[in-house]
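Each chain, letter by letter, is given below.
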Amino acid sequence: MLKAQGTVLEIDLKALKHNVEFLKSRLQPHTKFLAVVKAFAYGSDSIEIAKTLEELQVDYFAVAYVSEGIVLREAGITTPILVLHPVPEYFETMIAHCLEPSLYSHRVLEAFIAVAEDKKQTHYPVHLKFNTGLNRLGFSQIDCPKILSTLENKSAIKVTSLFSHLAASEDLNEKQFTIQQIETFKTMIAEMASGLGYTPMLHQCNTSGILNYPQAHFDMVRSGIGMYGFGNDPKFNPFLKPIATLKTTISQIHTLEKGDSLGYNRALIATKTLQTATLPIGHADGITRAYGNKKGYVIINKQKAYIVGNVCMDMIMVDVTEIDCNEGDEAIVFGPHHTAEHFSETIGSISYEILTAISQRVKRVFKR
Ligand SMILES: *Cc1c(COP(=O)(O)O)cnc(C)c1O
C-alpha cells in the first residue's frame, strides 16, 4: 500500500466482515441481524459499509435520521432500513424512499398513520419502540390499550416489529436492571401481541446485549459498535478487530529551546530542549481540545508521542524529543493496536465518541 499522505481514515472491510461473522456466531440460526449504520456508520463511511454489509446479507439496516436513510437508498441499498428517530416533518419523504419508522409516541404514531393514509399505503411497515427503563424514547406499558385502539381497522400501516433498547447491557454490575428491562419488554409484548392478534418481530439487544444477554436475542439483534470492532469489554477484544485506523504524517519538526513556547496561548513553555512534530489534524477533524496538553498521544515509530500544547483547528503538535523520526513519517492516532478505545480513555471518553467525531474532511480509504 502507498504511504499515507496527510491524514486518512483507513477502513478495513475484511475486519468488518470478520466482526459480523463473530457476532452472528453468537446468535441462534433464526435470529436476524440488523446492522446499525447511523452517523456515517460510526464515523467510517455509511455507503461503503452498507454495501459490504449487504453483500454479507444482513437482514436490516438502522439509521438515526431520515436523511441518513435517503443517502443509502440513493446509493442503491435495497435492504429494509429502520429509522430510529424520525420526525413527522419527513414522514412523506420516508415513504417515498421506503424507509421504515420507529414510532415511539402517540403523537408520531398518529401523524404517521395520517401520512400513510394520505399516500394511499397499505400495510406500510412500522416499528413500535417501547421504553423499558432507558427513559429516552418509547411507549410505556400504560400506552398499550390506546396504541391498540389507534391501530384498530387501520390498514395503512402494519406493525412489523416491537422493540426496546437496553440501558446498561455492557455493565454487568447492572445485570439486575437489565434483566428487569427484558422482563418488562416481555410483558409489553404479550399485551401487544394479544391485542394485535399476531406477534410482530421482536428485538431488544445492541452489541453488548448480543454478547452478554443471549436470552434476550428474540427475533433480531441490532449491532453497531461490535461491527466496528469494539465489544465494550476487554474480554471480547480477542474476537473483534477495530476496522478504522486514523493515520497522518509529520509535516514539520521543530526544536524548542528552554523558555520557548508552543502553539496558541503559549500553553507549553519548554523547560529543556524539546523536539516537536506538527501533524495535519486538529479539532476540525475530530481531535477535541481535551486531547491537548499531554492527555492524548499518537504512535510514531512504535513509540508514544504525547499531544503537547493546545489542539489547533487543523494541527496538533506532539512531543518527539525521545523518538527517532523524520518529516513525512507516519503517526497513528488510533488503529488496531493503539485503539480508539485507548485513545478516547485518555480524556475520559469512549470509542463511540471519537469514532463518530472524525469529520468528513478526513479522507476515507478502504482496504478490501
Ligand atoms: C445506536 C443504537 C444501537 C447500536 O448500539 P451499539 O451499542 O453500537 O451496538 C442499537 N439500537 C438502538 C436503538 C440504537 O440507538
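Residues numbered from 1 in each chain as written. Predicted model: local features only at pLDDT ≥ 70, side-chain atom pairs only at ≥ 80, totals over all residues. Heavy atoms only, no water.

Enquirer: Help me out: how do you make sense of the site of the ligand in this one?
Expert: Surveying the vicinity of the ligand reveals 13 residues, the closest of which are Lys-38, Tyr-42, Thr-207, Ile-225 and Tyr-352. For the ligand, an oxygen atom lies 3.2 Å from a polar atom in the side chain of Asn-206. Within the complex, the protein chains bury 94% of what would otherwise be the 390 Å² of accessible surface of the ligand. If you list the elements that add at least two residues to the shell around the ligand, you get α2 (38-43) and β9 (220-223). Looking at the shell around the ligand residue by residue, the classes come out as 5 nonpolar, 5 polar and 3 charged. (Near = heavy atom within 4 Å. Polar contact = N/O pair within 3.5 Å; in protein donor to acceptor, adjacent residues only side chain to side chain. Areas by Shrake-Rupley, 256 points an atom, 1.4 Å probe, with all protein chains shown as cover. Helix = DSSP H or I, 4+ residues; strand = E, 2+ residues; numbered from the N terminus. Nonpolar A, V, L, I, M, F, W, Y, C, P; charged D, E, K, R; others polar.)

Enquirer: What should I look at first to understand the state of the cysteines in this one?
Expert: Working definition of a disulfide: a covalent bond connecting the sulfur atoms of two cysteines. Summed over the entire model, instances satisfying the criterion amount to 0 disulfides. Here Cys-144 stays unpaired: no disulfide links it, and the sulfur of Cys-205, its closest cysteine neighbor, is 20 Å away. (Disulfide = S-S within 2.5 Å.)

Enquirer: Before we go on, may I ask you to explain the domain arrangement of the protein in this structure?
Expert: Interface size is often expressed as the accessible area that is lost when the parts come together. Split into domains, the protein comes out as domain 1 (13-229) and domain 2 (244-367). On a C-alpha basis, the centres of domain 1 and domain 2 stand 37 Å from each other. Tallying the contact residues gives 10 residues for domain 1 and 8 residues for domain 2. A buried area of about 910 Å², summed over both sides, lies between domain 1 and domain 2, and 64% of it is on carbon and sulfur atoms. (Domains from an automatic or database assignment. Contact = heavy atoms within 4.5 Å. Buried area = accessible area lost by both parts, 1.4 Å probe.)

Enquirer: Any chance you could explain the pattern of salt bridges here in plain terms?
Expert: Two side chains of opposite charge can pair, provided their charged atoms sit close to one another. In this structure the tally under the stated criterion is 10 salt bridges. When the shortest N-O distance is used, the salt bridge between Lys-247 and Glu-10 registers 3.2 Å. One end of the pair, Lys-247, is in strand β10 (residues 244-249); the other, Glu-10, is in strand β1 (residues 8-12), and 237 residues separate them in sequence. You can call Glu-10 buried: its relative accessible area is 8%. A salt bridge links Arg-361 to Asp-285, with the shortest nitrogen-to-oxygen separation between them at 2.8 Å. Of this pair, Arg-361 sits in the loop between α11 (351-357) and β19 (363-367) while Asp-285 sits in the loop between β14 (274-279) and β15 (297-300), placing them 76 residues apart in sequence. Among the residues examined, Asp-285 registers a relative accessible area of 4% and is labelled buried. One salt-bridge network, held together by shared partners, links Glu-10, Lys-247, Glu-330 and Lys-367. (Salt bridge = Lys/Arg side-chain N within 4 Å of Asp/Glu carboxyl O. Buried < 20%, exposed > 50% of the residue type's maximum accessible area, 1.4 Å probe, protein only.)

Enquirer: Which parts of the structure should I look at to understand the layout of surface pockets?
Expert: Empty space among the atoms becomes visible once a probe the size of a water molecule is rolled across them. Approximately 760 Å³ is the volume attributed to the largest pocket. Around the largest pocket, the lining comprises 32 residues; the ones closest to its centre are Lys-38, Tyr-42, Arg-136, His-165 and Tyr-352. Only α2, β9, α10 (340-345) and α11 provide two or more residues apiece to the lining of the largest pocket. When grouped by side-chain class, the residues that make up the lining of the largest pocket number 14 nonpolar, 11 polar and 7 charged. Two domains each donate at least three residues to the lining of the largest pocket, and these are domain 1 (13-229) and domain 2 (244-367). Put simply, the second largest pocket is a space of about 270 Å³. Within the residue set of the lining of the second largest pocket, elements represented by two or more residues are β15 and β18 (330-334). (1 Å grid on protein atoms, 1.4 Å probe; cavity = no way out; pocket = protein on both sides within 12 Å on 5 of 7 lines; lining within 4 Å. Points joined across faces, edges and corners; volume = space filled by probe spheres on them.)

Enquirer: Is there a simple way to think about the packing of aromatic side chains in this case?
Expert: Each aromatic ring pair is specified by the distance between its two centres and by the angle formed by the two planes. Within this structure, the stated rule accounts for 10 aromatic pairs. Judged by centre distance (5.6 Å) and plane angle (45°), the ring pair of Phe-112 and Tyr-124 falls under tilted. Residue Phe-112 is found in helix α6 (residues 106-118), and its partner Tyr-124 is found in strand β6 (residues 124-130); the two are separated by 12 residues along the sequence. In this structure, Phe-112 and Tyr-124 share a single accessibility class: buried. Taken together, a centroid distance of 5.2 Å and an interplanar angle of 55° make the contact between Tyr-297 and Tyr-306 tilted. We classify Tyr-297 as buried; its relative accessible area is 12%. Among the aromatic side chains, those forming a connected cluster through ring pairs are Tyr-42, Tyr-228 and Tyr-352. When the ring centre of Phe-33 is taken as reference, the NZ or CZ atom of Lys-24 above it lies at 5.9 Å. (Phe/Tyr/Trp six-rings, centres within 6.5 Å; stacked < 30°, edge-to-face > 60°. Lys NZ or Arg CZ within 6 Å of the ring centre and 35° of its normal.)

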